[in-house]
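Each chain, written out:
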Amino acid sequence: MKSSYLFAIDPATNDILVSESAKGSFKVTLVERISSSDDEILFHAVALLAKISKQSEVDVPLFKAMDKVCQMIYSSRK
């Protein structure tokens, strides 16, 4: 099964939390923590993704597009 990355921001440290989960699985594994100063573009993309997800009415197509942007930015840094 293909995995996808999940992104979050640790509010205490402003680190980007990158986790991995196989499609269809509920198991989530932490992959790495990235300092916001180490990748400012990814940090801002993940921050925007988080803001989109916290809206009272989530715009699902926008959320999926922003998630795809985060996936591409993270994949390009590897």
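Model, not experiment: these values are computed from the prediction. (Residues numbered from 1 in each chain as written. Predicted model: local features only at pLDDT ≥ 70, side-chain atom pairs only at ≥ 80, totals over all residues. Heavy atoms only, no water.)

1. Re the packing of helix α1 (residues 40-53) against helix α2 (residues 60-77)
Here is step 1: Running from N to C, α1 and α2 point in directions that differ by 160 degrees, and their axes come no closer than 9 Å. For the element pair α1 / α2, the angle class is roughly antiparallel. Of the two elements, α1 crosses α2, and the hand of that crossing is left-handed. Where α1 approaches α2, its residues Ile-41, Leu-42, Ala-45, Val-46, Leu-48, Leu-49, Ile-52 and Ser-53 are matched on the opposing element by Leu-62, Phe-63, Met-66, Asp-67, Cys-70, Ile-73, Tyr-74 and Arg-77.
Here is step 2: Classifying every residue of the contact of α1 with α2 gives 13 nonpolar, 1 polar and 2 charged. (Axes fitted to C-alpha atoms, helices over the stretch in contact; angles between N-to-C directions. Helix = DSSP H or I, 4+ residues; strand = E, 2+ residues; numbered from the N terminus. Parallel < 35°, antiparallel > 145°, perpendicular 65-115°, else oblique. Left-handed = near helix turned anticlockwise from the far one by under 90°. Contact = heavy atoms within 4.5 Å. Nonpolar A, V, L, I, M, F, W, Y, C, P; charged D, E, K, R; others polar.)

2. Overview of the confidence of the model for the protein
Here is step 1: Across the protein, pLDDT averages 93, with 96% of residues at or above 70.
Here is step 2: When mean pLDDT is taken per element in the protein, α1 scores highest with 97 and strand β1 (residues 3-10) scores lowest with 91. (pLDDT = per-residue confidence, 0-100.)

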